[in-house]
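Chain by chain, the residues run as shown.
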Amino acid sequence: MLLGAGIARLGYFRADLFVAGAVVLCAALLALFVALPVSKSLVGAFLDDSGAFSLAALAERLAHDRVWGLSCLAGGVRCGVAWNTLFLALLTAAGTTLLGTLIALMAERPGSSAGARRASKGLNVLALLPIITPPFVVGLGLILLFGRAGLVNQFLEWAFGVPPTRWFYGLLGVWLAQLFAFTPIAFMIMRGVVQGISPSMEEAAQTLRASRVATFRTVTLPLMKPGLANAFLVGFIESMADF
């Protein structure tokens, strides 16, 4: 607070003591809980087993087989985490783009029936729920459903005698969790893209006796290509940063 008072006396933040103190406090918290742990991790990458500074230790860590290994292609157990992360990001980006596009089309092109219009409003709310819920809710819900002691495994054991396994823990489980988490982002992107496409162009194609499939393939889809690329890129980056 003394530092904030000194900064305010120097004329910064319009000489407002409260604002200057708040900025100093927030900067101190960020330095303590973000900058310090990250810097210690970065410094630790340059230290060898004895604690001495070594560029060779950094090179060894960056080029380790656990990061870039391709043993899975030659019959090994697994590839490096870099390739696994890249593969997961591609799967997530493709899945979120597809689901986001479908939900956006159902929400913005619901059809003429009243039931379809009511369903489109429900889709808007359902698609945004993963954004407003805490991050751990999706993962916890999936574990309670598909985990070894989850409802699905317990039902399969009770109904068909299938013993519970850990089949959900791995690529499939992480991919499904990221689909639930990042599809709303793709939906919001594609919803704006679909809203920007004039329905008169689609109606003109149908007036010229084009089927719904032909109209989507020759009119709607080409107009959505920039939005699809944007949604794919955002899903890819979100998956890379998350995993």
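Residues numbered from 1 in each chain as written. Predicted model: local features only at pLDDT ≥ 70, side-chain atom pairs only at ≥ 80, totals over all residues. Heavy atoms only, no water.

Draft legend 1. Focus on the side chain of serine 239. For serine 239, the location among the structural elements is in helix α11 (residues 212-242). Residue class for serine 239 comes out buried when judged on its relative accessible area of 0%. Apart from the residues within four sequence positions on either side, serine 239 is in contact with Leu88, Ala89, Thr92, Gln178 and Phe182. (Helix = DSSP H or I, 4+ residues; strand = E, 2+ residues; numbered from the N terminus. Buried < 20%, exposed > 50% of the residue type's maximum accessible area, 1.4 Å probe, protein only. Contact = heavy atoms within 4.5 Å.)

Draft legend 2. Expanded view of the pattern of salt bridges. With the rule as written, the count across this model stands at 1 salt bridge. With a closest N to O distance of 2.7 Å, arginine 191 and glutamate 108 form a salt bridge. Taken together, the residues span a long stretch of sequence, with arginine 191 in helix α9 (residues 171-195) and glutamate 108 in helix α5 (residues 81-108) at a distance of 83 residues. With a relative accessible area of 26%, arginine 191 lands in the partly exposed category. (Salt bridge = Lys/Arg side-chain N within 4 Å of Asp/Glu carboxyl O.)

Draft legend 3. Molecular detail of the side chain of serine 54. Tracing the sequence through the fold places serine 54 in the loop between α2 (17-44) and α3 (55-62). Note on serine 54: relative accessible area 16%, which makes it buried. Engagement of the side chain of serine 54 in a polar contact is seen with the backbone nitrogen of alanine 56, the distance being 3.3 Å. The residues touching serine 54, leaving out its near neighbours within four places in the chain, are Phe46 and Asp48. (Polar contact = N/O pair within 3.5 Å; in protein donor to acceptor, adjacent residues only side chain to side chain.)

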